[in-house]
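Take a look at the letters that make up each chain.
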Amino acid sequence: MMIDYKRRAGLIGLMQGKASGKNVLLLFVLTMAVYMLMLLVTIPRVQSYAPDTALFDLSPTGYSHSQALTLLQTLGHAGRDAYLFPQLALDFVYPGLFAICFSLMLIWVYSKRVPSQSKLWYLAMLPALGGIFDYVENILIIRMIFTFPDVTEGLVSASSWFTLLKSVFSTASFLLLGLGFALLLKKELLRFAPTNEN
């Protein structure tokens, strides 16, 4: 059965048109550059003020009201300032890059396996949703920092839920990408495998 590779209409179609190997590679380099800057520089800087307490961003299963207050108290004024800038400033750049990069990467990886009109393409929106949840999480973290020590349980609960949602959708994106690359590798290995001739 032949697969129809023509682009579909709408947002998914627009992304299909942009999902070239060159664009994906460029976006991946930019995304990883920002990620590594946070991972190796800004996050350790904030973490140094509270070495025994996980930061909100690094708590994939969420956090309680008491845990949030403990972290904010332990960070102190200097640590909370470091959290606001440069960490959260960079974390307002990363989610957008992640959303665009990994959505296009999913489309690129599965472009020769899934018909263009298939509803499976909506799975390419998983990274975009993860990025949106990351933005909401960041806004709520900023709100917690500014309202400390009068941080309400409702605010912490909302922030914790968006942290959890971000983690779930990001993990699902990585798993889909891993599967896609595994299928791509299998296809390449089969292409170069020697054939048995009678």
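Relevant structure appears above.
Residues numbered from 1 in each chain as written. Predicted model: local features only at pLDDT ≥ 70, side-chain atom pairs only at ≥ 80, totals over all residues. Heavy atoms only, no water.

1. Looking at the overall build of the chain
Here's step 1: Broken down by element type, the chain carries 6 helices and 0 strands.
Here's step 2: Reading the chain from its N terminus to its C terminus gives the helix and strand order α-α-α-α-α-α.
Here's step 3: Sequence-distant contacts in the chain: of pairs separated by 6 or more residues, those separated by 24 or more amount to 80%.
Here's step 4: Summing over all exposed atoms, the chain offers an accessible surface of approximately 11,400 Å²; the carbon and sulfur share of this is 68%. (Helix = DSSP H or I, 4+ residues; strand = E, 2+ residues; numbered from the N terminus. Contact = heavy atoms within 4.5 Å. Areas by Shrake-Rupley, 256 points an atom, 1.4 Å probe, with all protein chains shown as cover.)

2. A closer look at the side chain of Asn-138
Here's step 1: Positionally, Asn-138 belongs in helix H5 (residues 126-147).
Here's step 2: Of the residues examined, Asn-138 reaches a relative accessible area of 0% and is grouped as buried. (Buried < 20%, exposed > 50% of the residue type's maximum accessible area, 1.4 Å probe, protein only.)

3. Section: the packing of aromatic side chains
Think of a pair of aromatic rings as described by two things: how far the centres are apart, and how the planes are tilted against each other in angle.
Here's step 1: Considering all chains together, one arrives at 11 aromatic pairs under this definition.
Here's step 2: Ring geometry for Phe-133 and Phe-162: centres 6.0 Å apart, planes at 50°, overall tilted. Linking Phe-133 in helix H5 with Phe-162 in helix H6 (residues 153-192), this pair joins segments that are 29 residues apart in sequence.
Here's step 3: What makes Phe-133 buried here is its relative accessible area of 15%. (Phe/Tyr/Trp six-rings, centres within 6.5 Å; stacked < 30°, edge-to-face > 60°.)

4. As for the side chain of Thr-31
Here's step 1: Mapped onto the elements of the fold, Thr-31 is located in helix H2 (residues 21-47).
Here's step 2: Polar side-chain contacts of Thr-31 include one of 3.4 Å to the backbone oxygen of Leu-97. (Polar contact = N/O pair within 3.5 Å; in protein donor to acceptor, adjacent residues only side chain to side chain.)

5. Brief notes about the environment of Ala-78
Here's step 1: As for its placement among the helices and strands, Ala-78 is situated in helix H3 (residues 65-90).
Here's step 2: Relative accessible area serves as the criterion here: at 40%, Ala-78 is assigned to the partly exposed category.
Here's step 3: A sequence separation of 32 residues divides Ala-78 from Val-46, and the C-alpha atoms of the two residues are 9.0 Å apart.

6. Examining a nonpolar patch on the surface
Here's step 1: Nonpolar side chains collect at one region of the surface, where Tyr-35, Met-36, Leu-37, Leu-39, Leu-40 and Val-41 lie side by side and expose about 510 Å² of accessible area between them.
Here's step 2: On the secondary structure map, Leu-40 appears in helix H2.
Here's step 3: Look at Leu-40 and you get exposed, because its relative accessible area is 57%. (Patch = residues over 30% accessible without salt bridge, like charges linked within 9 Å, V, L, I, M, F, W, Y side chains within 5 Å. Salt bridge = Lys/Arg side-chain N within 4 Å of Asp/Glu carboxyl O.)

7. A short note on the environment of Ala-128
Here's step 1: If you trace the backbone, Ala-128 turns up in helix H5.
Here's step 2: Counting along the chain gives 33 residues from Ala-128 to Pro-95, while the straight-line C-alpha distance between them is 8.3 Å.

Read these as geometric descriptors, not functional statements.
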